[in-house]
Every structure is written in structure tokens, then in C-alpha cells.
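Structure at a glance
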Amino acid sequence: MIQDDLPAIFRDFNPLEDRMLRVIDDEGNVINKELFPELDDDSIIDAYKQMYYERTADEMAISYQRQGRMYTFTPNLGQEAIHIAAGMNIRKEDWLVPAFREMGTLLSKGVTMKEMFLFYLGNEHGGSFKNVSKTLPIAISIGTQLHHATGIGYSIKYQKKNEAVFTFIGDGGTSEGDFSEALNFAGVWQVPIIFTIQNNQYAISVPVKSQTKSVNLAVKSVAFGIPGIKVDGNDFFAMYLAYKTASEYALSGKGPMLIEAYTYRLGAHTTSDDPSKYRKKEEEEEWALVDPLLRLERYMKKMDIWNIDKEKLRDEYKQEIDAQFVSAEKEKAYKIDDIFDYMYTDMPEDFKRQKGAYEQFLSWKENRK
Amino acid sequence: MSVMTIVKAINNALDIKLNEDRSVVIYGEDVGVEGGVFRVTEGLQKKYGVERVFDSPLAESGIVGTALGMAVSGLRPIVELQFDGFTYPAFNQIASNVSRMQNRSRGKYTVPMVIRFPYGGGVNALEHHSDSPEALFAHLPGLKVVIPSTPHDAKGLMISAIESEDPVIFMEPKRIYRAIKQEVTDDKFSIPLGKAKVIQEGTDVTLVAFGAMIRESQKAIEMAKEAGISVELIDLRSIYPIDRQTIGESVRKTGRMIIVAEAHESFSVGSELIAIANEEAFLHLEAPPRRVMGYDTVVPLAQGEKYYIISPERIFYEIEKTVNF
């Protein structure tokens with residue numbers, strides 16, 4: 001199964017042996033010098049800031065939801081290294097096919113917090129990401145998006161374009177039939193896709209051990225003839241290296257790759273979820289010690305490139321994010337046309353009849369006053 | 001002009017679109033080398049190559065889901081699902097994504113794709129090979145559902161389906177795939193989606209049918225003619241959008257309506273047509289609208305199918321009952 005032209009890390013970190021790619025340890029020490037990606041200090045500082053922005057935006061979104069100003073939200077807490085490493089490797093001409101917990105990658109692609117907020121305020125205009133090309137809307141129907149990514153991969157190959165597709169799924173999603181089908185189609189078609197499994201240990205309340213007997217999730221690639229690798233998802237440098245390698249591989253026409261990003265969801269599944277029902281406080285505390293932001297900060301301090309005033313940065317971000325939230329709150333009112341206008345390219349007569357009936361009711365209601 | 005069966009007419013429509021539009025690709029199970037189990041795609045792989053007409057892995061959800069990905073990224077995929085009963089594994093992709101992507105993306109992405117499959121009973125087949133699931137798809141917002149009954153219509157409707165920016169479910173009546181031969185022009189032409197066709201005008205009762213049931217209805221109409229009953233026959237052609245206007249006009253004229261369809265009667269296209277008759281022609285009705293349709297049971301295997309299949313006699317029996325109500 002192991003191809004000769006496979007990048008070294010995919011051979012050295014064979015998922016069949018349950019090895020995990022790490023570049024820095026929990027304390028921020030470089031443990032794999034030869035694997036350290038080519039990144040200058042400014043890029044590393046920028047990566048930290050992006051992760052910190054995502055973290056701040058997340059905390060604010062949760063707070064807006066708690067204040068009753070926003071509906072259900074899906075926090076990204078603890079998974080920022082994955083999102084920003086992907087975001088730094090995805091180019092404008094590449095496709096992003098998200099699941100629903102990749103906010104940082106969406107922001108990297110050009111989506112704004114205002115759009116994210118609008119979506120979580122219940123407005124499709126936010127979730128369409130219509131100002132950002134080659135980015136599908138958030139996929140709530142677990143696993144189905146991997147097929148869309150694979151079909152896009154076929155288009156890219158067919159049209160002889162130099163593009164890659166970045167797509168995401170969670171650990172629970174790997175149990176869906178569409179996960180296996182998509183890896184199979186992508187393998188047969190040899191299309192340029194980077195599949196990421198964000199293994200954050202829980203599908204709402206169900207732990208990974210209840211999803212699969214597999215030794216890890218990356219190993220699922222083996223049966224489909226696709227290179228797979230398990231990566232420390234809280235190690236920004238390991239994630240960056242994995243994405244860099246996989247996107248080069250995809251863009252050189254060699255086909256798809258699967259990355260299992262081994263991480264932990266520090267927050268709740270959604271704002272309606274209470275993790276204390278299914279996991280222990282000690283476990284959460286243990287993982288909080290290896291928070292990807294902390295690990296990157298420790299590295300930067302050791303390397304003496306830390307120049308960030310977190311308090312100041314946080315205030316700056318909060319102000320900017322709040323302005324975007326307020327702007328989303330003030331978005332023009334949702335019209336009845338917004339329900340009907342986008343279902344078909346030419347509106348069926350039945351829609352006109354149904355909308356007309358509602359408008360008649362409205363005018364009756366108006367006259368009744 | 002050439003003499004064509006429905007199989008040949010669809011093949012011809014696919015050929016025309018493959019030839020004029022490089023964004024058209026066709027795939028599914030056995031559609032390549034074999035040309036499909038019913039030979040609808042015969043010869044197309046040889047003519048257009050394996051990149052454009054190809055066999056995919058055997059997974060209906062994957063076939064439909066990947067087609068959605070292609071449709072949002074510049075291609076116009078046409079996928080074949082091998083049988084009506086094999087559409088169910090693809091149902092999640094169709095209901096959750098294909099039908100919704102345009103709305104979800106606020107029109108940023110359209111979904112120009114066709115899902116075609118043979119449907120219907122009367123061919124002594126195995127289980128899952130005789131279903132008529134048109135109501136399942138017509139009920140989903142965002143889809144167009146089309147069923148031809150003649151070679152001419154099959155060609156013209158398929159051209160429209162491929163050119164539609166909206167996803168189209170194209171159901172092919174397998175029972176009459178090769179049973180009807182018709183002169184069809186070799187040139188390109190299209191038939192608009194959403195328009196029913198009055199096949200035969202009449203004054204006593206409106207018969208609404210589609211697919212393989214048109215031919216059975218025509219036989220029943222001959223029997224009715226001998227009995228002195230004048231029947232108006234409407235071929236629905238598009239299940240959704242449904243041509244409410246043509247139905248309404250006809251029922252206002254005849255005052256009676258019978259729907260002939262193979263699918264299970266309850267919660268069916270027949271039920272929808274009765275609602276339309278009530279809404280559009282209530283004060284003109286002289287008899288309750290009737291459904292001559294399949295039972296609310298699974299379509300039986302070959303031995304039991306004779307009880308399930310709708311015969312011209314049964315249609316005539318219902319015509320007579322309705323006219324004499």
C-alpha cells in the first residue's frame with residue numbers, strides 16, 4: 001500500500017502502527033527539528049493571532065447566545081490550531097467544503113464574523129458565504145459534504161485546473177456510510193482532496209471508542225488506498241506540516257490524503273449541550289493544559305519571539321467582533337421573498353399562489369385593525 | 001426523422017448534449033462499457049471517452065452526492081441509478097443537499113444535474129425493481145420531477161432536464177422502454193418542464209395519467225368510446241412543477257376526474273390531483289374524483305403482481321362508475 005512517492009511523514013507516521021505526528025511537545029519544545037515547517041517568525045506570530053481571534057470570537061458568540069441575542073452556536077474551542085493551519089495552506093483558488101466546526105478556516109478563506117453571526121442569528125444570507133468563492137455553506141447533515149468535495153475534485157481534474165479541495169468531518173461522522181463511500185470514490189478517481197477528521201473525542205456525548213474498534217481514525221484510509229496520517233491537532237506546527245504536505249501532494253496530481261487531527265473539544269458541542277453529563281472535569285482540565293494556544297505561546301516564549309500583549313489584543317478583537325455582531329443584528333429585515341426566491345431558478349406557479357395567499361392574509365389582518 | 005423507442009430517444013438526447021456541451025458527464029453503475037442494464041447509454045462511452053461516460057463505484061449516495069459537487073463546480077452531471085428501489089440509499093443526499101443547495105447558498109450555487117432511473121412495475125422483476133416513488137421526490141422542495149410516456153416526449157423532456165439549472169429527477173417507465181416506437185426528429189428540440197399535455201380531448205371525464213399508464217389508459221378509452229363515453233386524456237409529464245392550470249381547465253369542462261398511476265394510492269400524486277380538482281373546479285364536479293392506483297402495499301413479486309397492476313379493464317370499470325355516479 002505504501003507508495004514510493006509518498007511524502008516521508010506519511011511513511012514515518014504510519015497509522016497502522018498508531019503513530020502520531022508531533023513537532024512540538026506539550027511544553028512547546030521542538031521534538032522533531034527536521035520536521036519543523038518553513039515558517040518565519042512573523043508567520044508564527046500571525047498564526048497565533050488568528051487562533052486568538054477565533055478563540056475570542058468563539059467566547060463572544062457563546063456570550064451573545066447566553067444573553068439571548070443569538071440562537072444555537074457551535075463553539076470551536078480547542079481546535080484552533082487545526083483551523084488556522086488549514087487556513088494558512090488553503091489558497092483563494094482552492095475549495096473549502098466545511099462541516100460546521102471550522103470557523104477559523106472559513107475566516108481565513110474570507111468569510112467575515114458578521115456572516116457567521118448572521119447565520120447563527122437564523123439568516124441564510126449569512127451561511128451562504130456568497131462573497132467568498134469556492135466555499136460551500138456549512139453542512140449540518142453529517143458526512144454528506146465529503147461526497148460534494150469528491151465531486152468538486154472530479155470537476156477540478158476534468159477541467160485540468162490546479163486546485164485542491166479541503167474538507168472536514170468529525171470523529172462521529174466517520175461512522176456514516178458517506179464517509180467510507182467518499183474515501184472510496186476519491187481513491188478510485190484520484191482526485192485532489194485533503195480530508196480532515198477532527199477527532200475531538202466526542203460526537204455530542206458519544207466517545208470515539210463507541211464509534212469504532214479501529215486503532216485510530218487515520219487508519220481508515222488504508223483500506224481505500226489513500227495515504228492517511230494521525231496528527232497532534234493541538235500542535236500548530238504538526239498541523240501546518242501535514243496540510244502543507246497534503247496540499248502539495250494533491251496539487252501535484254497524486255490524489256487524496258486523509259488527516260486525522262487528534263484534538264479535544266474544550267467547549268460544548270453546541271450552546272444547547274452540557275458536557276458535564278458525559279465527561280469528567282479532570283479530563284477537561286487535563287486537556288486544557290495542552291490547549292493549542294498555550295502550546296504555541298510556550299514555544300514562542302522559549303524561542304523569544306513572543307511579543308503579544310494578550311489583554312490589549314483581546315480588547316482590540318472584542319471591539320471589532322462586537323461591531324460585526326451589532327451590524328449582523330441590524331441587518332435588514334428578513335422578507336417573505338427570502339423564503340421563496342432561492343428554491344428554484346424559475347419560481348413555480350405554486351410558490352406564487354402560496355405567497356399570494358399569505359399576502360392576502362396579511363392585508364386582511366391589516367384591514368382588521 | 002428516425003424510428004425510436006424511449007430507450008433510443010433518451011440515448012439520442014444524451015448524445016446531443018454530450019456532443020454540444022463539454023460540461024456534460026454521465027456516470028453510474030454499468031453505464032459505461034455495458035451501456036446501462038437497459039442500454040440507455042449504449043455507445044456513449046465509446047463515442048465520448050471514459051472521462052465523460054463512466055462506471056462509478058456501486059454506491060448510490062456517492063453517485064448522487066458527488067454529482068452535486070460536480071454541479072456546483074461547473075459540470076452538468078447526469079447520473080443513472082439502476083432501479084427505482086435503489087434510489088433509497090441516495091435519498092439523504094437528494095433530500096438533504098441536492099434539493100437544498102441552491103437555497104442554502106442563496107443562489108450562489110445552482111445544481112444543474114439530472115438523476116435518471118427506470119421505474120414502475122409489470123415486468124416480473126425482483127423486489128425493489130418495480131417501485132413508483134415519484135411522490136417521495138415531488139414532495140421535496142427544490143426538485144423537478146419528470147416522467148415521459150413517449151419517445152418524442154422522452155427526448156424533448158430530457159434535453160430540458162439537462163439544460164435546467166435546477167436538479168431534475170427523471171423517471172423512465174421501464175415497462176414501455178421498448179414497447180412504443182415513434183418517428184422522432186434527429187434534430188435537437190426541447191419540451192418545457194411543468195407543462196402537461198392534453199393527448200385527447202373529451203367531454204365526459206378527465207383521465208390524468210403519466211408514464212406507462214398512458215398506454216393502458218388509451219386502451220381503456222377505446223373501450224369507453226364503444227360504450228359511448230367521451231374521455232379527455234391528460235399526460236402530466238411533469239410531476240413537479242405540476243400543471244395546475246391544464247388540470248383545472250379540463251375538470252371544469254368535464255366535471256369528473258380519474259387519476260391512473262402505479263404508485264401507492266395514499267399520499268400520492270393522485271391525492272395532490274384531487275386537491276387541485278377541489279381547489280380549481282369544486283363547483284363543476286359532478287362525481288367524486290377517483291384514483292385508480294396501486295394499493296398501499298409493497299409491489300408484489302411476479303405471482304401477485306396481477307392483482308396490483310392496473311389493467312385497461314379496471315380503468316374502464318372506474319370510468320363507467322364515475323360517469324354513472
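Definitions and limits used
Residues numbered from 1 in each chain as written. Chains lettered and ligands numbered in written order. Predicted model: local features only at pLDDT ≥ 70, side-chain atom pairs only at ≥ 80, totals over all residues. Helix = DSSP H or I, 4+ residues; strand = E, 2+ residues; numbered from the N terminus. Rg over C-alpha atoms; globule rule 2.2 N^0.38 Å. Buried ≥ 20, exposed ≤ 12 C-beta atoms within 10 Å, placed from the backbone. Contact = placed C-beta atoms within 7 Å. Pairing = 2+ DSSP bridges. Axes fitted to C-alpha atoms, helices over the stretch in contact; angles between N-to-C directions. Domains from an automatic or database assignment. pLDDT = per-residue confidence, 0-100.

**A closer look at the overall build of chain B**
- If you tally the helices and strands in chain B, you get twelve helices and 14 strands.
- What you see for chain B is a C-alpha radius of gyration of 19 Å, in line with the 20 Å of a compact globule of 325 residues.
- When its C-alpha atoms are laid out on the principal axes, chain B stretches across 60 × 40 × 40 Å.
- Burial analysis of chain B (325 residues in total) assigns 56% to the buried set.
- The long-range share in chain B, meaning contacts at least 24 apart out of those at least 6 apart in sequence, stands at 82%.

**Re the overall build of chain A**
- Secondary structure summary: chain A contains 14 helices and eight strands in total.
- At 22 Å, chain A has a C-alpha radius of gyration in line with the 21 Å of a compact globule built from 369 residues.
- When burial is assessed residue by residue, chain A has 47% of its 369 residues classed as buried.

**Describing the sheet that holds strand S9 (residues 197-200) of chain B**
Residues and elements named next belong to chain B.
- One open sheet holds the five strands; their spatial order is S9-S11-S10-S13-S14, and the pairing between them is mixed. On the outer flanks of this sheet lie S9 and strand S14 (290-294), each paired with one strand and no other. The average angle at which neighbouring strand axes cross in this sheet is 25°, direction not considered.
- Sheet topology note: the strand S13 (residues 257-264)/S14 ladder contains five bridges and is parallel. Residue pairing across strands places Val 260 opposite Val 292, the latter belonging to S14.
- Against the sheet, helix H8 (residues 213-226) touches S9, strand S10 (205-209), strand S11 (231-235) and S13, its axis set at about 175° to S11.
- The strands touched by helix H10 (residues 269-281) within the sheet are S10, S13 and S14, with S13 carrying the most contacts at an inclination of about 160°.

**A word on the environment of A:Val111**
Residues and elements named next belong to chain A.
- Mapped onto the fold, Val 111 is located in the loop between helix H4 (103-109) and helix H5 (113-120).
- For Val 111, a count of 22 C-beta atoms within 10 Å corresponds to the buried category.
- Each C-alpha atom of the pair Val 111 and Lys 130 lies 8.8 Å from the other, and the pair is 19 residues apart in sequence.
- When residues no more than four places from it in sequence are discounted, the contact partners of Val 111 are Leu 106, Met 116, Phe 129, Val 132 and Thr 135.

**Regarding the interface of chain B and chain A**
- Each side of the interface is counted separately: chain B has 32 residues, and chain A has 32 residues.
- Here the element with the most residues in the side of chain B that touches chain A is helix H3 (residues 60-71) of chain B; it accounts for eight residues.

**A look at the domain arrangement of chain A**
- Looking at chain A, the domain boundaries give domain 1 (8-334) and domain 2 (335-369).
- Averaged C-alpha coordinates put domain 1 of chain A and domain 2 of chain A at centres separated by 40 Å.

**Quick notes on the confidence of the model for chain B**
- In the predicted model, chain B carries a mean pLDDT of 97, and 100% of its residues have values of at least 70.
- Per the prediction output, this complex has pTM 0.97; the corresponding ipTM is 0.97.

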